[in-house]
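Structural characterization, general
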Amino acid sequence: MRITKESFGKDFSWGVSTAAYQIEGAHQHDGKGPSIWDIFVQRRNKIAKNQNGDIACDFYNRYEDDLKLMQAMHIPNYRFSISWSRIQPDGMSEINLAGIDFYNRLIDLSLSLGITPWITLYHWDLPHALEKKGGWTNRDVKDWFGQYVEICIQYFGDRVKNWIIINEPTVFTAAGYFFGVHAPGKKGLDNFLAAAHHAALAQAHGGRIIKSLQRESNVGTTFSCSHVEPFTSKERDHLAAQKADVLLNRLFIEPLLGMGYPTKEIKVLRKIERYMKQNDEVDLKFDMDFIGVQNYTREIIRHSFFVPFLQAKIVSAKKRKVEQTAMNWEVYPESMFHILKKFDAYPNIPPLIITENGAAFDDLVTDGTVDDPKRVKYIREVIEQVFRAKSEGVNVKGYFVWTFLDNFEWAEGYHPRFGLVHIDFKTQQRIIKSSGHWYTDFLR
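To keep things clear, this report deals only with the structure shown in the data block. (Residues numbered from 1 in each chain as written. Predicted model: local features only at pLDDT ≥ 70, side-chain atom pairs only at ≥ 80, totals over all residues. Heavy atoms only, no water.)

1. Observations concerning helix α3 (residues 59-72)
Of all the bends in α3, the greatest, near 40°, is centred on D65. Taken together, the buried positions of α3 are F59, Y60, Y63, D66, L67, L69 and M70. Directly after α3, the chain includes H74, whose backbone phi takes a positive value near 65°. (Bend = angle between axes of the 7 residues up to and from the residue. Helix = DSSP H or I, 4+ residues; strand = E, 2+ residues; numbered from the N terminus. Buried < 20%, exposed > 50% of the residue type's maximum accessible area, 1.4 Å probe, protein only.)

2. Some thoughts on the side chain of T263
Within the fold, T263 resides in the loop between α11 (253-256) and α12 (280-283). Contact partners of T263, with chain neighbours within four places excluded, come to L269 and R270. (Contact = heavy atoms within 4.5 Å.)

3. Structural notes on the pairing of strand β4 (residues 162-167)
Within β4, six of the six residues are buried, which leaves the element mostly enclosed by the surrounding structure. With four bridges connecting them, strand β3 (residues 116-122) and β4 associate as parallel partners. Within the sheet, the bridge partner assigned to W118 lies in β4 and is N162. Relative to strand β5 (residues 218-224), β4 is paired through four bridges, and the arrangement is parallel. Residue I164 lies in a different strand from β5, and its bridge partner there is G220. (Pairing = 2+ DSSP bridges.)

4. Topic: the environment of V376
Residue position: V376 is located in helix α15 (residues 373-391). Judged by its relative accessible area of 13%, V376 falls in the buried class. For the pair V376 and S435, spaced 59 residues apart in the sequence, the C-alpha separation amounts to 4.8 Å. Once you skip the residues sitting within four places of it in the chain, V376 turns out to touch S434, S435 and W438.

5. A short note on the sheet that holds strand β8 (residues 298-303)
Spatial ordering of the open sheet is given by β6-β8-β9, a layout of three strands whose pairing is mixed. Every other strand in the sheet has two partners, leaving β6 (227-230) and β9 (312-315) as the edge strands with one partner each. Across this sheet, the average inter-strand angle for adjacent strands is 40°, counted without regard to direction. The sheet contact formed by β8 and β9 spans four bridges and is antiparallel. (Axes fitted to C-alpha atoms, helices over the stretch in contact; angles between N-to-C directions.)

Spelled out as structure tokens, the structure:
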């Protein structure tokens, strides 16, 4: 059976996703304050080749042409994030009207071109001024974030109905506050647990604020997730896989659904209770209109005595000698099917939307074209797995490709290219890749 856009029905949302720091550039233009990523990239050897997002795709200055390109590619939905420090340079008081104006222009042009905006309120770029006060480890971040959410609804809510509260809290709390490999570069269990709890409170708090101001809005939040399998049939590998599943897939969705934190498998997670206050258990819960799932691969897990807290370790795609992407992730489209089935099995789960999925491969420009058959194959096969899940009764309502443009890929710099559109970062020339043309034909 040939799967087409029509196979999914008229109410299925197709689109692309981007994030502010990864594409906008203009890092200190028009009153914008520094974010934690503006500061982090200045630290030597934290980013591949010591690159940064100061210019990135220069989307801040080129958004008109990029949106027209999106329209030409028949992409009907655009998920982008707002830079908090472009709206509030210090994160908590004065509003920067030049920043408001930029996003107003972006929203208005999208709508005029027939593109529906989906706004992510937090995609990892906390104002640096707030990090100096402890950032996500400071419980007050919930209220700072709430004030920022109110401002966004006040200025943009008359035209924007689709909102995503927070992007991948597991990643930014673990990478930024435990391992120190992402901004702000903090390390340690206490930093991670505090940041995780406050992010979990903030995702529910943000949802309540939006619904109180805009009852008819469509509100969700997004989670990174990976299908997890044990390396062998040994019991210790199964136990290790269960622990990895808690961190990779369950840590934030379960408190949101009112199930509390999944502390049974990982005893050290019980220390998160240190940061909990009266009514937090209730305040962690919120009925989202949708849940965004973001899946790229599966992880194979084995027991490892020497890994602290978990005694679990990922067996890399390279060691397993399987096909991998430029991110060294296994190419495994079926992972999406398993993740959709897993999340759909939760009681009272709202509809699911795939808010990110894609693949980074080494692209080559030849005679002004970029042929990327591996990315075409991957996206096509993932969409087939989404249809398979939908056919088995999973309530999945949308699919957004990560990403529209090649961009600044956090600590990896500019090497991994996920875009449907190739960018020469020296000239800012855009070239639609074969995958972009394939997606256009699929959406047409």
